[in-house]
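Per-entry structural report
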Amino acid sequence: MIANKISEPIYITRPLLPDLGVISNSLHEIWESKRVTNNGAKERLLEQELKDYLGVEHLSLFNNGTLALLLGFRALGLKGEVITTPFTFPATVQALDWNGLTPVFCDVEPETMTIDATKIERLITEKTSAILGVHVFGNPCNVNKIQEIADKYQLKVIYDGAHAFGMKLDDKPISDYGDMTMFSFHATKLFNTIEGGALIFKDHRVASKLAMLKNFGLDGPENVILSGLNAKMNEVQAAIGLEVLKLVKEERGKRHAIKESYEQYLASIAGIRILTSSEKDNSSYQYFVIEINEEKYGRSRDWLHDELKRNNIFARKYFYPLCSGFSWYKGLESVNPDNLLQANAAVQRTLALPYYGDLGLELVQSICEIIKKGYKKTKQTSDM
Ligand SMILES: *Cc1c(COP(=O)(O)O)cnc(C)c1O
């Protein structure tokens, strides 16, 4: 019994876009100024507004999150090996690759699916220069334990915070933990500039380095002192960001209602666990992700993914596949699945469901009914 037949394809997210008329006004200003990129007025304003919004001191904008991360590693002078998680989006580890850094894969915690801090220490060698954690689905890493290890071995700590924009942990901005945090402003992210990203960092000396690295290593018009890249945010991106930022609060409220509705419907289904942090003000409102326990639910994640698809719901296996399985890492000792048991389980069990403000509660109900209908009593469950 599906409440509403779903006629249009439903995807896991939809970009939060400002009114076109408002953007047209901003474009007008940019055209008038004739300054369309390279540290323009909109970029500087967005930088300031984001600092205020996030409550942080040092922030630098980029044309996407991947290049932000890539140049962040460079600015911190990372070398050799970086201990990280295989359960992430490819960008996290590809930013290491492009710096000639070797990822050392550490297993994840089954509860939060973030890097398992208790397994980091045994992976440290003399080549280790940093720990790179990911706040998966807005679940914060075990930041205190990670910092403790980093302090003991003098390692840098960097977080991929692509899912953690605006989050707080113990009343502090999440980016207060570690040396550096990256936020992605891709169209799929709650706060977006269509493509874009930012780094937040502790050491103020990193600011001038990043400014050069994202602009061809230029120090003034005639002085090239670093091997840089082009990773600047342009004025159109910044203008969109300034308008999207005004919509974030309302969007978070709408997503909160959707999240509550999902939580209510899914609570009674055996074998379905909600992975997105549930405390009210502490949610990132980025994704709504469930874990399917095949033994209890009676069906696999892949079955549910395909069943939803048959109903026009395009849920996503996220993250999938596991980064440690990439062909170019073959031969690395740390990709051995025996040491990545939880990560290998996670990648088979997680599914991101549609989640955006305008999804509507009726659709949430329909999606949950499909999930509920899929439940199949198994020997184990009926015996209990
Ligand atoms: C979105 C995302 C990125 C990539 O950011 P871009 O801005 O698209 O380059 C990196 N890591 C994670 C975990 C992400 O979700």
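Definitions and cut-offs
Residues numbered from 1 in each chain as written. Predicted model: local features only at pLDDT ≥ 70, side-chain atom pairs only at ≥ 80, totals over all residues. Heavy atoms only, no water. Phe/Tyr/Trp six-rings, centres within 6.5 Å; stacked < 30°, edge-to-face > 60°. Helix = DSSP H or I, 4+ residues; strand = E, 2+ residues; numbered from the N terminus. Buried < 20%, exposed > 50% of the residue type's maximum accessible area, 1.4 Å probe, protein only. Lys NZ or Arg CZ within 6 Å of the ring centre and 35° of its normal. Axes fitted to C-alpha atoms, helices over the stretch in contact; angles between N-to-C directions. Parallel < 35°, antiparallel > 145°, perpendicular 65-115°, else oblique. Left-handed = near helix turned anticlockwise from the far one by under 90°. Contact = heavy atoms within 4.5 Å. Nonpolar A, V, L, I, M, F, W, Y, C, P; charged D, E, K, R; others polar. Near = heavy atom within 4 Å. Polar contact = N/O pair within 3.5 Å; in protein donor to acceptor, adjacent residues only side chain to side chain. Areas by Shrake-Rupley, 256 points an atom, 1.4 Å probe, with all protein chains shown as cover. Salt bridge = Lys/Arg side-chain N within 4 Å of Asp/Glu carboxyl O. Expected span 1.5 Å × (residues − 1).

Centre-to-centre distance and the angle between the planes together describe a pair of aromatic rings. Within this structure, the stated rule accounts for 20 aromatic pairs. Judged by centre distance (5.6 Å) and plane angle (20°), the ring pair of phenylalanine 137 and phenylalanine 319 falls under stacked. Taken as a pair, phenylalanine 137 in the loop between β5 (128–134) and α5 (143–153) and phenylalanine 319 in the loop between β13 (313–314) and α10 (341–349) lie far apart in primary sequence, 182 residues in all. Exposure remark for phenylalanine 137: the relative accessible area of 0% places this residue in the buried category. By relative accessible area, which is 3% here, phenylalanine 319 ends up buried. A cation sits over an aromatic face here: lysine 214 above phenylalanine 62, 4.8 Å from the ring centre. Positioned over the ring face of tryptophan 303 is arginine 299, at 4.0 Å from the centre of the ring.

Here the amide bond leading from tyrosine 318 into phenylalanine 319 is cis, since omega sits at -5°, within 30 degrees of zero. Following tyrosine 320, the chain continues to proline 321 via a peptide bond in cis, the omega torsion being -5°. By secondary structure assignment, the location of proline 321 is in the loop between β13 and α10.

Let us now look at the packing of helix α7 (residues 235–266) against helix α11 (residues 361–374). At a closest axis distance of 10 Å, the pairing of α7 and α11 adopts a crossing angle of 25°. Judged on the interaxial angle alone, α11 and α7 are roughly parallel. Where α7 crosses over α11, the two elements pack in a sense that is right-handed. Every residue of α11 that contacts α7 at Ala257, Ile258, Ser261, Tyr262, Tyr265 and Leu266 is listed here: Leu361, Val364, Gln365, Ile367, Cys368 and Ile371. Class assignment for the residues of the contact of α7 with α11 results in 10 nonpolar, 2 polar and no charged.

Turning next to the site of the ligand. The ligand sits among 16 residues. The nearest are Gly65, Thr66, Asp160, Ser184 and Lys189. Within the side chain of aspartate 160, a nitrogen or oxygen atom sits 2.7 Å from a nitrogen atom of the ligand. Burial of the ligand by the surrounding chains reaches 93%, relative to a free accessible area of 380 Å². The set of elements that each furnish at least two residues to the shell around the ligand consists of α3 (65–75), α4 (90–97) and β9 (180–184). Residue classes in the shell around the ligand are distributed as 5 nonpolar, 9 polar and 2 charged.

With that settled, the discussion passes to the pattern of salt bridges. Under the criterion given, the structure shown has 16 salt bridges. The closest approach of N and O atoms between lysine 254 and aspartate 358, which form a salt bridge, is 3.0 Å. Taken together, the residues lysine 254 in helix α7 and aspartate 358 in the loop between β14 (350–353) and α11 connect sequence positions 104 residues apart. Beyond isolated ion pairs, a larger network of salt bridges with shared partners links Glu111, Arg273, Glu291 and Arg349.

So, about helix α2 (residues 41–54). With 14 residues, α2 ought to run about 20 Å at 1.5 Å a step, and its terminal C-alpha atoms sit 20 Å apart, in line with that. Within α2 the residues assigned to the buried category are Lys42, Glu43, Leu46, Leu50, Lys51 and Leu54. As for α2, its buried residues are in contact with α1 (20–33), β2 (59–62), β8 (172–173), β9, β10 (197–201) and α7.

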